[in-house]
2 protein chains.
Amino acid sequence: MAGGFGSRFWPICRDENPKQFSNIMGGEESMLQTTFHRFERICPRENIIIVTHQRYVGKVREQIPDLDDYQVLSEPHRRNTAPCIAYAAAVIKNRCPDANIIVTPADHAIFHEAKFQNDINQALSITSQQPVIVTLGVPPTDPNTSYGYIQINDAENTFGHANMHKVITFTEKPPLEIAKQFIATGEFFWNAGIFVWSLPTLIKSFKKFLPTIYQSFLNGNNFTPTEEELSEIYAQTGSISVDVGIMEHATNVHVLQASFGWSDIESWESLYANAPKQGNQNCIISGQTFTYEVSNTLVNVPANKKVILQGLDGYIVAGTEDTILVCRRNQEDSIFKFSLDVSFEEQAKTENKK
Amino acid sequence: MAGGFGSRFWPICRDENPKQFSNIMGGEESMLQTTFHRFERICPRENIIIVTHQRYVGKVREQIPDLDDYQVLSEPHRRNTAPCIAYAAAVIKNRCPDANIIVTPADHAIFHEAKFQNDINQALSITSQQPVIVTLGVPPTDPNTSYGYIQINDAENTFGHANMHKVITFTEKPPLEIAKQFIATGEFFWNAGIFVWSLPTLIKSFKKFLPTIYQSFLNGNNFTPTEEELSEIYAQTGSISVDVGIMEHATNVHVLQASFGWSDIESWESLYANAPKQGNQNCIISGQTFTYEVSNTLVNVPANKKVILQGLDGYIVAGTEDTILVCRRNQEDSIFKFSLDVSFEEQAKTENKK
């Protein structure tokens, strides 16, 4: 799933360059490329299907060249994850009706690749034999209020796996007090949004809980719509996440406790928390940076840029070729407003030129 | 005089782009261009001679195109202002032995052009009739310790000009306490480094106070050295300023009180002090700048760059295409150290590549 728009990582990520296509964590690869290469080590390359919004198809093809046509699915409208997954499942159904499927976002950070591979293989071995949905649950490290929480039946393991339990409830983005209570019980995991299920289980789940989406994508035996037909389907289908549409209702969802270290890196603060620190708790992700009396500060500018900082404590310094943001870390919620101000000004300029 | 090296305005000004060739004050023109155009309104364009170091001849020709050969003098070595002025005077002597000469740095700020023109014309009218040196004295606004101070005979005017007095002493860069005492007396002006004198007066002054420089440049009647001869002259001549070499000793120096508003803009702090302020005492010289809870801050980045700042009080934000500096204004003395660190790193990289 690589269709997300915009991002809180302005000015590096924008609608024309959302997080999955950027290397917000540093390094040479975009998050999509890192995710793709991670799954190339789990399944054959030709089994990987990328679903994205039609405006990003070019970006996907540029970043992951030489994919077959069926591997890059273009969504004409944004409809959240359920239609996205149904679309990919329909294409898989054409090619391999008994497939085992891993659903994953393209823009999350995984910190231990080998452990990830091991957890995923365990999940696949269950779903290839059992009509269940396995979701990867991340042991929470703080009462984060922007994640979904999964409550497990702590009393017993399932399928003889020490780290697998039946799911009791899903809760999206709880208030802080609730999140704290969740964590205190020891019965809750963060929902990493990574689901493993067989195609037959997936189809049954859509048929039962999202019948109209099932009708649109999964009812027939050869899903090969024209561009126009696909546009029609997307225009009519509801916008709903697979979590809300299926996971919250299904009774066959099991959690495998993830051992691999995970973050969806959904904000500068989350990036700062998850990235390695240098002296004075600075986190220099990219850029030729010189710091003097600088602490608790995150720097992410293009690798060819020089940044000389003096006298900053707790700032974000983030830039692109033509833009730089210097902002207190605790003010990151204002960055969206800043981005609007800048694009408003850009728009005004463009209109003045006309 | 446009031969100065480097600058404290790093990273915008560097040895390869010193202050006189930059638009550190904003706007489209470099300080050299602004100075040149200022004097085009005072004398014919062909009467303007630019002396620079040989490494900057290309820059001068690029910024002021279509000059005759005699108008751009190339110094093979840095020898401070006295040899520089003698060189230009020798070239002027070839063309116009009774010339009236204005000596001026190319990188100072003049805030009222019309008043400047008026003051200069007054000075020229004196020196065309009297064998005296007129120096422009700026009424001091603070006990600046990086300027030269001129003490005047406050008791009487000279040449019937209300704003002209005889000079008693020159003092280069006094300590703060002395500077404060100077200002308190009301008898001191800042030395703007702008001198007006006739060529005969200039020649007599060099002959009397700097006889070896006189011998090298001004003794003959046709100063047309080959490149090699010039190099030899510069290799042998001493390095001395006209202030120390002549002004401190001459008894025919008069100050004309400048009315035009002046600064040599010798540091970021001086630029901040002299440039117009916007809200919250911010000084946005160049760059598309968006400020939130920002005050007392100076921004100077290329005009095509966007800078979004939050939560800064009293900073310098200065940049070029590939470098940005964020530094407390009261730490500007450290900028030279920063620039050394950066160039040391650049050098190390270049050597690693070899």
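Within each chain, residue numbers correspond to sequence positions counted from 1 in written order. Each chain gets a letter, beginning with A, and each ligand a number, beginning with 1, in the order they are written. Local features in this predicted model are restricted to residues of pLDDT 70 or higher, and side-chain atom pairs are both shown and tallied only at a pLDDT of 80 or more, whereas totals for entire chains, interfaces and linings draw on every residue. Water and hydrogen atoms play no part in the side-chain values, which are based on all heavy atoms of the structure.

Every helix listed is a DSSP run of H or I at least four residues long, and every strand listed is a run of E at least two residues long, numbered separately from the N terminus. Of the regular secondary structure elements, chain A holds eleven helices and 16 strands. Radius of gyration: over C-alpha atoms. The globule rule applied is 2.2 Å multiplied by the number of residues raised to the 0.38 power. For chain A, whose C-alpha radius of gyration is 21 Å, the value lies close to the compact-globule estimate of 20 Å for 354 residues. With the principal axes as the frame, chain A shows a C-alpha extent of 60 × 55 × 35 Å. Here's how the labels work: a residue is buried when its accessible area is under 20% of the maximum for its type, exposed when over 50%, partly exposed in between, all with a 1.4 Å probe on protein chains only. Looking at the 354 residues of chain A, the share that counts as buried comes to 53%. Residues are treated as being in contact if the distance between any of their heavy atoms lies within 4.5 Å. A separation threshold of at least 6 residues defines the contact pool for chain A, and within that pool the share at least 24 residues apart is 63%. Of the roughly 15800 Å² of accessible surface on chain A, 48% is carried by carbon and sulfur atoms. Here Asp and Glu are counted as negative and Lys and Arg as positive; His is not counted, and neither are the chain ends. Every charge is mapped onto a representative atom, which is NZ of Lys, CZ of Arg, CG of Asp or CD of Glu. In chain A, the 29 positive side-chain charges and the 40 negative ones have mean positions that sit 1 Å from each other. Using a 1.4 Å probe, the Shrake-Rupley method yields the accessible areas, and only the shown protein chains count as cover for residues.

Listed as interface residues are 31 residues of chain A and, on the opposing side, 31 residues of chain B. We define buried area as the total accessible area lost by two parts upon association, computed with a 1.4 Å probe and summed across both. Summed over both sides, the interface of chain A with chain B buries roughly 2700 Å², with 56% coming from carbon and sulfur. Three residues stand out in chain A for area buried against chain B, namely K306, I308 and Q310 of chain A, and they jointly supply 25% of the buried area on that side. A salt bridge links K306 of chain B to D322 of chain A; the shortest N-O distance between them is 3.8 Å. Note on definitions: salt bridges are taken to be side-chain nitrogens of Lys or Arg within 4 Å of carboxyl oxygens of Asp or Glu.

All copies are superposed by least squares; the fitting set is the C-alpha atoms of residues with a pLDDT of at least 70 in both. Its rotation angle being 180°, the transformation that places chain A on chain B also includes 0.0 Å of axial translation and leaves an RMSD of 0.1 Å. Both copies of the chain, as the preceding transformation shows, are related through a two-fold rotation axis. A symmetric contact is evident, with 100% of the interface residues of chain A recurring at the interface of chain B.

Residues and elements named next belong to chain B. Between helix α3 (residues 81-95) and helix α6 (residues 199-209), the least distance of the axes is 11 Å, while the angle of their chain directions is 135°. Overall, the two elements α3 and α6 adopt an arrangement that is oblique. In terms of crossing hand, the pair formed by α3 and α6 is left-handed. Taking contact as the criterion, the partners of A82, I85, A86, A89, I92 and K93 in α3 are, on α6, L199, L202, I203 and F206. The convention used is that axes are lines fitted to C-alpha atoms, helices contributing only their stretch in contact, and that angles between N-to-C directions extend from 0 to 180 degrees. Oblique is the label for every angle not falling under 35 degrees (roughly parallel), over 145 degrees (roughly antiparallel), or within 65 to 115 degrees (roughly perpendicular). Put simply, a crossing is left-handed when the front helix is turned counterclockwise from the back one by less than a right angle, and right-handed when it is turned clockwise.

Attention shifts here to the confidence of the model for chain A. In predicted models, pLDDT denotes the confidence assigned by the predictor to each residue on a 0 to 100 scale. When pLDDT is averaged along chain A, the result is 94, and 99% of the positions lie at 70 or above. Predicted as a complex, the structure gets a pTM of 0.86 and an ipTM equal to 0.85.

In this section: the sheet that holds strand β13 (residues 298-300) of chain B. Taken together, the six strands give an open sheet; going across it, the order is β12(A)-β14(A)-β16(B)-β15(B)-β13(B)-β11(B), and neighbouring strands pair in mixed fashion. Two strands lie at the open edges of the sheet, namely β12 (288-295) of chain A together with β11 (283-286) of chain B, each paired on one side alone. Neighbour to neighbour, the strand axes of the sheet diverge by 10° on average, direction disregarded. Across three bridges, β13 of chain B lies against strand β15 (residues 315-319) of chain B in parallel orientation. In the sheet register, V299 of chain B faces β15 of chain B, and the bridge partner there is V317 of chain B. Here helix α11 (residues 335-353) of chain B sits on the sheet in contact with β12 and β14 (306-313) of chain A together with β15 and β16 (323-328) of chain B, set at roughly 145° to β12 of chain A. Any two strands are treated as partners once DSSP identifies two or more bridges connecting them.

Pairing of aromatic rings covers Phe, Tyr and the six-membered ring of Trp, with a centre-to-centre limit of 6.5 Å; geometry is then stacked below 30 degrees between planes, edge-to-face above 60, and tilted otherwise. Applying the stated rule across the entire model yields 36 aromatic pairs over all chains. Look at F195 of chain A and W197 of chain A: their rings are 6.5 Å apart centre to centre, the planes differ by 45°, and that puts the pair in the tilted class. Comparing F195 of chain A with W197 of chain A shows no difference in burial state: the two are buried. Linked through ring pairs, Y87, F217, F223 and Y234 of chain A together constitute an aromatic cluster. For the cation-ring pair, R329 of chain B lies above Y272 of chain B, with the distance from its terminal atom to the ring centre recorded as 3.6 Å. Only when the NZ of Lys or the CZ of Arg is both within 6 Å of the ring centre and within 35 degrees of the ring normal is a charge said to sit over the ring.

With that settled, the discussion passes to the sheet that holds strand β16 (residues 323-328) of chain A. Two orientations exist for strands paired in a sheet by backbone hydrogen bonds: parallel and antiparallel. Spatial ordering of the open sheet is given by β11(A)-β13(A)-β15(A)-β16(A)-β14(B)-β12(B), a layout of six strands whose pairing is mixed. Among the strands making up the open sheet, the edge pair consists of β11 (283-286) of chain A together with β12 (288-295) of chain B. With direction set aside, neighbouring strand axes in the sheet form an average angle of 10°. Here helix α11 (residues 335-353) of chain A sits on the sheet and contacts β15 (315-319) and β16 of chain A together with β12 and β14 (306-313) of chain B; the angle it forms with β12 of chain B, its principal contact strand, is near 145°.

Moving on to the pattern of salt bridges. Within this structure, the stated rule accounts for 28 salt bridges over all chains. The shortest N-O distance in the salt bridge between D107 of chain B and K19 of chain B comes to 3.6 Å. Separated by 88 residues along the polypeptide, D107 of chain B in the loop between β3 (100-103) and β4 (109-110) and K19 of chain B in the segment before α1 (31-40) bring together distant segments of the chain. Accessibility classification places D107 of chain B together with K19 of chain B in one group, the buried group. Notably, a salt bridge pairs K180 of chain B with E177 of chain B, separated by 3.7 Å at the nearest N-O pair. Residue K180 of chain B and its partner E177 of chain B are both found in helix α5 (residues 176-185); the two are separated by three residues, about one turn of the helix. Under the relative-accessibility criterion, K180 of chain B is labelled partly exposed at 41%. Look at the salt bridges and you will find they share partners, linking R8, E266, E332 and D333 of chain A into a network.

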